[in-house]
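This is what each chain is made of:
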Amino acid sequence: MSDYGYIVDSHCHLNYQGLKEEQADVIERARAAGVGCMLAINTKLKEFHEIIDIVETYDDTFGTVGIHPHEAENEPDVALEALLERAKHPKIVGIGETGLDYFYDNAPRNMQQVNFRSHIAAARETGLPVIVHTRDADEDCVAILREEMDRGQFTGVIHCFTASQFLADAVLDLGFYISISGIATFKNAKSLQETVKTVPLERLLVETDAPFLAPVPHRGKTCEPAFVMDTARFVAELKGVQFGELQEVTTGNFFNLFNKVVPPKTSAAA
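Rules behind the numbers
- Residues numbered from 1 in each chain as written.
- Predicted model: local features only at pLDDT ≥ 70, side-chain atom pairs only at ≥ 80, totals over all residues.
- Heavy atoms only, no water.
- Buried < 20%, exposed > 50% of the residue type's maximum accessible area, 1.4 Å probe, protein only.
- Helix = DSSP H or I, 4+ residues; strand = E, 2+ residues; numbered from the N terminus.
- Pairing = 2+ DSSP bridges.
- Right-handed = clockwise from strand over helix to strand, strands pointing away.

## Quick look at the pairing of strand β7 (residues 177-180)
Here's step 1: Burial of the side chains of β7 extends over both faces: Tyr177 and Ser179 are buried on one face and Ile178 and Ile180 on the other.
Here's step 2: Pairing of strand β6 (residues 156-158) with β7 involves 2 bridges; the strand directions are parallel. Across the sheet, residue Val157 finds its bridge partner in β7, namely Tyr177.
Here's step 3: Note that the unit made of β6, helix α6 (residues 165-173) and β7 has a crossover that is right-handed.
Here's step 4: Handedness of the β7-helix α7 (residues 190-198)-strand β8 (residues 204-206) crossover: right-handed.

Structure, rendered in structure tokens:
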């Protein structure tokens, strides 16, 4: 069992439809399952107030500020200062999610890239980690991360990792963490499972991306933070370690990366 006594859901959308309607119950179920800390991710600045409402209501929730690549065209003129100002809140602990999504291409790629670089600049200036979404954009994502790292150091995580070994190796070389979602539990995720085996434990996080991507055995249901336990158990087996070790290491990794977070002192129920 972890010294913390709980695990962390490092990426969830508690203000999204499917969770917000019963937010208090969702959080209570997570606590009962053994989840002691949840990171509520911002994807639209116009919804940032919803993140603030969550983190100010529940002691064991923290938040981020950012614009998802899908929204890069809808919120194209957000200045760096807008991110920096919102990041001053004591419970806003990360920048994003941001990144590149060439699978859906919901926003022009050049606008996604500008958005991505703005978030990296905010991460660099604040010292907060950047949360990166990348899909079908491995080469451009790596190129931008390398270019920006040359301009000045920053930290971050590739969330909901589903990409190639190339991307995993590249971001690990840059000092990034890699977060694993319920996708890793899917039967058709053999390639991803093989990549997860190569990621050092000290660089792993676990997440739900709730309300999306419910892990086995919950597929078809609305995902919620409590389900991160199922993903963690699967990853522990994949890595050949005891669940307690996986829990301890990933929880410690989260607090090492998101070092503005004050770890909740009250352990979740076992």
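## Examining the pairing of strand β1 (residues 7-12)
Here's step 1: Among the 6 residues in β1, 6 count as buried, and that is most of the element.
Here's step 2: The pairing of β1 with strand β2 (residues 35-40) spans 4 bridges and is parallel. Residue Asp9 lies in a different strand from β2, and its bridge partner there is Met38.
Here's step 3: Between the parallel elements β1 and β2, the chain passes through helix α1 (residues 23-33) in a crossover that is right-handed.

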